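# Chain and residue survey
Chain by chain, the residues:
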Amino acid sequence: MTSYVRRAAAVTAGALALTIGLAVPALAHVTVNPGTAVQGSWTKIAFRVPNERDNASTTKVEVEFPTDHPLPFVSVRPVPGWDVKLTRGKLPKPVVSDSGDTITESVLKITWSGGKIESGQFQEFEASVGPLPKNVDALEFPTAQTYSSGEVVKWADAPKADGSEPEHPAPTLKLVAAEEGEDDQHGAASASPAAAPTVAAAASDDDDQESGNTTPALVFGGLGLVAGLVGAGAGVTALRRSRG
């Protein structure tokens, strides 16, 4: 009886470890990619929208732009199958830019509609923005995700005081100071919309970000798989000894 219990425990432990290793949860939030940009520069950002529902598709995405630190120039990249609308309007109050100009109007929202993001899929919606503010650590882009079922999920929660992640965090672009030698590189870019970074260069940044996001999951998944195989092997060995 004791040997049977040991065999069962070993096999169960192996199966559990294998299951945990292969079932590493994936964060399926709406995010800005890449998640970091240089203060005062131009950048291309992509709003990455995953579909989190098994019985509905995403049919509309509305991204609100900051009004306390408005972005003077915003342009969008067409997405096949989707309609896009830039909503411009007056700011709640005038804002003085880093260059000393008073901004009273800006892009308030971008809406993508008419397409579908099916279950198990994601879509990226790209925009070129700039110049980014120089004395701000982050920009938040509250986003509303509408499903074909009529459900609307609002990704607009601010970070919690204890540093933990809220249930529906707002997509956030972190801004960092330019390193030595970067001022000249980005100075010309901030002077004119035509000097914005190329799509190819920005796409490379996205690839790096995507790769960085998947590495931890692969590592933990691999460790779980090894643990599962070791546990399963122990169970098989125990079974053979009991029969012998």
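Before reading further, recall that the structure is shown in the block above.
Here is a short report on the structure shown in this document.

About the cut-offs
- Residues numbered from 1 in each chain as written.
- Predicted model: local features only at pLDDT ≥ 70, side-chain atom pairs only at ≥ 80, totals over all residues.
- Heavy atoms only, no water.
- Helix = DSSP H or I, 4+ residues; strand = E, 2+ residues; numbered from the N terminus.
- Contact = heavy atoms within 4.5 Å.
- Salt bridge = Lys/Arg side-chain N within 4 Å of Asp/Glu carboxyl O.
- Buried < 20%, exposed > 50% of the residue type's maximum accessible area, 1.4 Å probe, protein only.
- Pairing = 2+ DSSP bridges.
- Axes fitted to C-alpha atoms, helices over the stretch in contact; angles between N-to-C directions.

### Here we look at the environment of Ser113
Tracing the sequence through the fold places Ser113 in strand E7 (residues 102–117). With residues near it in sequence (within four places) discarded, Ser113 still touches Thr59, Lys60, Trp82 and Asp83.

### So, the pattern of salt bridges
A complete count under the given rule lists 5 salt bridges for this structure. Among the ionic pairs, Glu126 bridges to Lys44, the shortest N-O distance being 3.0 Å. Taken together, the residues span a long stretch of sequence, with Glu126 in strand E8 (residues 122–130) and Lys44 in strand E3 (residues 43–50) at a distance of 82 residues. Glu126 sits in the buried class, given a relative accessible area of 13%.

### With respect to the sheet that holds strand E6 (residues 83–96)
Here 5 strands make up an open sheet; going across it, the order is E6-E7-E4-E10-E11 and the pairing antiparallel. The sheet terminates laterally at E6 and strand E11 (152–155), the two strands that pair on one side only. Neighbour to neighbour, the strand axes of the sheet diverge by 15° on average, direction disregarded. Bridge count between strand E10 (residues 143–147) and E11: 4 bridges; the pairing is antiparallel. If you follow Thr143 over to E11, its bridge partner there is Trp155.

### With respect to the pairing of E8
Most of E8 is tucked away, with 7 of its 9 residues classed as buried. Where E3 lies against E8, 8 bridges are found, and the strand directions are antiparallel. The residue bridging Phe47 from the neighbouring strand is Phe125, located in E8. Two elements, strand E5 (residues 73–76) and E8, share 4 bridges in a ladder whose sense is antiparallel. Bridging from a neighbouring strand, Phe73 pairs with Gly130 of E8.

### Topic: the sheet that holds strand E12 (residues 172–176)
Read from one edge to the other, the open sheet built from 3 strands follows the order E2-E12-E9, with strand pairing classed as mixed. Strands with a single pairing partner mark the edges of an open sheet, and in this sheet they are strand E2 (36–38) and strand E9 (138–140). Put simply, the sheet's adjacent strands are angled 25° from each other on average, direction ignored.

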